[in-house]
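These are the residues of each chain, in order.
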Protein chains: 2
Amino acid sequence: MNENKINVSIVEDDSEIRQLLSLIIDGSPSFECKYNYSNCEDAVEQAPQNPPDVILMDIDLPGSSGIEGVRELKVKLPGTDFLMLTIKENDESVFESLSAGATGYLLKDTPPTELLDSIKSVVNGGSPMSPPIARKVLSSFHKTVDSPLSERETEVLKKLCDGENYKTIADALFVSGNTVRAHIKSIYKKLHVNSRAEAVRKAINQNLL
Amino acid sequence: MNENKINVSIVEDDSEIRQLLSLIIDGSPSFECKYNYSNCEDAVEQAPQNPPDVILMDIDLPGSSGIEGVRELKVKLPGTDFLMLTIKENDESVFESLSAGATGYLLKDTPPTELLDSIKSVVNGGSPMSPPIARKVLSSFHKTVDSPLSERETEVLKKLCDGENYKTIADALFVSGNTVRAHIKSIYKKLHVNSRAEAVRKAINQNLL
DNA sequence: ATTAAAATGCCCCATATGCGTAATTGATTG
DNA sequence: CAATCAATTACGCATATGGGGCATTTTAAT
């Protein structure tokens with residue numbers, strides 16, 4: 001194991017792609033790519049014996065998916081970064097991969113040079129993403145502009161999320177507890193929920209605050 | 001207004017930096033940078049008269065911040081993309097900017113070439129971020145690996161977030177309502193909360209599900 | 001000017017919730 | 001083997017919550 005080279009492993013079922021990637025990476029002077037796997041199970045079992053700096057993980061694998069792979073390997077290899085590789089840019093896959101612990105997400109049309117740059121970026125503290133993925137991720141933070149709630153209701157909802165009860169909300173807004181209850185009823189109606197828990201959930205997930 | 005060029009406006013209080021950026025951008029054949037502003041108020045008032053494709057927005061501005069600026073301009077200029085520019089990489093600023101509607105976030109040490117590339121990327125559907133920012137953003141999706149909750153408690157918490165009550169949770173888990181209550185008590189204790197609303201909030205914000 | 005929300009306020013009532021306390025079993029771990 | 005902890009069950013109690021209905025005033029919007 002050359003200490004100066006960035007050690008990369010690949011998990012990819014298509015042997016052609018796997019070998020191609022391996023050649024690109026291993027052929028580059030600053031990288032080394034010795035241990036590759038054709039499925040998740042092998043990777044989960046064997047990668048811990050030869051811990052790489054970065055694992056390129058295909059998402060669509062036979063058996064357990066690359067997402068599952070990251071989830072399992074992340075605990076066994078806390079020092080390894082995971083770069084997802086996929087053909088289709090599926091919304092759910094992106095966010096699931098990220099919450100599983102991926103530090104980057106590339107589409108397979110990424111040209112070789114960029115792939116190598118991305119791997120470098122990962123070990124240097126970056127998080128490379130293909131442009132459409134980055135956009136998707138950032139967009140997930142955007143607020144829903146058209147909240148169905150009135151200003152006052154939004155104010156009440158915020159306090160609901162803080163776990164405040166009728167009385168404290170009422171005091172904070174200088175209105176009666178009954179008014180607060182009326183607002184909450186209205187909020188529930190508009191959000192189509194009938195409990196605080198659901199209201200809080202919707203408020204957070206839809207950025208209504 | 002040249003239709004072939006990408007139209008850029010800058011909001012930046014430091015006149016030196018503003019002019020420097022303007023020179024870099026306007027000096028490049030594929031860009032045009034005519035209308036720049038030294039503060040948010042001016043930008044909010046005047047930019048709608050000359051809507052640019054991209055606005056480079058400084059965060060630390062005298063008066064209302066660049067974040068506030070994005071929030072206000074985003075509604076007036078729905079077709080414009082906002083690229084934040086800042087010196088310090090403050091966590092809160094990043095996420096606030098994104099939820100305000102920014103589509104990119106660059107640190108001021110970004111070299112001119114990359115800045116231009118980033119602007120191009122934005123209009124082409126990307127979301128450029130400086131490496132440490134990208135890492136921060138992706139990390140925000142990572143699950144808290146060391147959840148203080150037991151598996152059973154996590155299961156209960158999920159159902160709490162769905163707005164289920166003691167009875168339905170109990171039925172779903174094939175245990176008594178009292179058991180569910182005991183679990184919930186334990187959850188509250190571990191999460192340092194004392195209501196569903198707070199528990200749901202923590203669960204979502206800390207990815208405990 | 002008329003209508004429609006929004007914001008405010010109130011009552012009753014059944015049930016859900018949170019808190020305290022306590023006990024049993026099984027698994028894990030030192 | 002002892003100790004700890006997770007999971008389970010249980011009871012009582014004060015209060016919070018959600019549902020229903022109803023009324024007034026202020027503030028948009030048409």
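Residues numbered from 1 in each chain as written. Chains lettered and ligands numbered in written order. Predicted model: local features only at pLDDT ≥ 70, side-chain atom pairs only at ≥ 80, totals over all residues. Heavy atoms only, no water.

S.K.: Describe in detail the pairing of strand E5 (residues 81-86) of chain A, supporting the description with residues and values.
M.R.: Residues and elements named next belong to chain A. Of all 6 residues in E5, 6 are buried, a share of seventy percent or more. Of the two faces of E5, the one holding Asp 81, Leu 83 and Leu 85 and the one holding Phe 82, Met 84 and Thr 86 are both buried throughout. Taken together, the 5 bridges between strand E4 (residues 54-58) and E5 define a ladder with parallel strand orientation. Each residue of the ladder has a partner; that of Met 57, found in E5, is Met 84. At this point the chain moves from E4, through helix H3 (residues 66-76), to the parallel E5, and the crossover so formed is right-handed. Bridge count between E5 and strand E6 (residues 104-107): 4 bridges; the pairing is parallel. Bridged to Met 84 within E6 is Tyr 105. For the crossover from E5 across helix H4 (residues 91-100) to E6, the handedness is right-handed. (Buried < 20%, exposed > 50% of the residue type's maximum accessible area, 1.4 Å probe, protein only. Helix = DSSP H or I, 4+ residues; strand = E, 2+ residues; numbered from the N terminus. Pairing = 2+ DSSP bridges. Right-handed = clockwise from strand over helix to strand, strands pointing away.)

S.K.: Please set out the interface of chain A and chain B residue by residue, giving values where relevant.
M.R.: The interface is formed by 35 residues belonging to chain A together with 35 residues belonging to chain B. Between chain A and chain B lies a buried interface of about 2900 Å² when both sides are counted; carbon and sulfur atoms form 64% of it. Interface area lost by chain A to chain B is led by Arg 135, Leu 138 and Phe 141 of chain A, which between them contribute 23%. The interface formed by chain A and chain B includes 2 salt bridges. With a shortest N-O distance of 3.5 Å, Asp 162 of chain A and Arg 201 of chain B are connected by a salt bridge. The interface formed by chain A and chain B holds 10 residue pairs in polar contact (both at pLDDT 80 or more) in total. Every element with two or more residues in the side of chain A that touches chain B is listed here: H4, helix H6 (131-139), helix H7 (151-161) and helix H10 (196-205) of chain A. (Contact = heavy atoms within 4.5 Å. Buried area = accessible area lost by both parts, 1.4 Å probe. Salt bridge = Lys/Arg side-chain N within 4 Å of Asp/Glu carboxyl O. Polar contact = N/O pair within 3.5 Å; in protein donor to acceptor, adjacent residues only side chain to side chain.)

S.K.: How would you summarise the protein's contact with DNA strand D if you had to cite specific residues and measurements?
M.R.: Around DNA strand D sit 19 residues, and of these Arg 181 and Lys 185 of chain A together with Ser 150, Thr 179 and His 183 of chain B come closest. For DNA strand D, the fraction of protein-proximal atoms (within 4 Å) that sit in sugar or phosphate groups is 62%. Residue Ser 150 of chain B places a side-chain N or O atom 2.3 Å away from a phosphate oxygen belonging to DNA strand D. One of the side-chain nitrogen or oxygen atoms of Arg 152 of chain B is found 2.8 Å away from a phosphate oxygen of DNA strand D. (Near = heavy atom within 4 Å.)

S.K.: Could you give an account of the relation of the copies chain A and chain B, naming the residues involved and the relevant values?
M.R.: Each of the two copies of the chain can be brought onto the other by a rotation about an axis and a shift along it. Rotating chain A by 180° and translating it 0.0 Å along the rotation axis places it on chain B, where the RMSD comes to 0.5 Å. A rotation of that kind, with that shift, is consistent with a two-fold axis. By C-alpha distance to the rotation axis, the residue of chain A lying nearest is Ala 197 of chain A, at 2.5 Å. Of all interface residues in chain A, 97% are interface residues in chain B too; the two copies therefore contact each other through one and the same surface. (Least-squares fit on C-alpha atoms with pLDDT ≥ 70 in both.)

S.K.: Please provide a residue-by-residue account of H10 of chain A, values included.
M.R.: Within the span of H10 of chain A, buried status applies to Ala 197, Glu 198, Ala 199, Val 200, Ala 203 and Ile 204 of chain A. Check the buried side of H10 of chain A and you find it contacts H7 and helix H9 (177-191) of chain A together with helix H7 (151-161) and helix H10 (196-205) of chain B. Positive phi shows up at Asn 207 of chain A, right after H10 of chain A, with a value of about 55°.

S.K.: Provide a residue-level description of the packing of aromatic side chains, including the pertinent values.
M.R.: Overall, the coordinates contain 3 aromatic pairs over all chains when judged by the stated rule. Where Phe 141 of chain A meets Phe 95 of chain B, the ring centres are 5.4 Å apart and the plane angle is 40°; that geometry is what we call tilted. Residue Phe 141 of chain A is found in the loop between H6 and H7, and its partner Phe 95 of chain B is found in helix H4 (residues 91-100); the two belong to separate chains. By relative accessible area, Phe 141 of chain A is classed as buried at 16%. Seen from their ring centres, Phe 141 of chain A and Phe 141 of chain B are 5.9 Å apart, and the 70° between their planes marks the pair as edge-to-face. A residue pair is termed interchain when its members come from two chains, as with Phe 141 of chain A in the loop between H6 and H7 and Phe 141 of chain B in the loop between helix H6 (131-139) and H7. Taken together, the ring pairs connect Phe 95 and Phe 141 of chain A together with Phe 95 and Phe 141 of chain B into an aromatic cluster. Directly above the ring of Tyr 166 of chain A sits Arg 196 of chain A, whose terminal nitrogen or CZ lies 5.4 Å from the centroid. (Phe/Tyr/Trp six-rings, centres within 6.5 Å; stacked < 30°, edge-to-face > 60°. Lys NZ or Arg CZ within 6 Å of the ring centre and 35° of its normal.)

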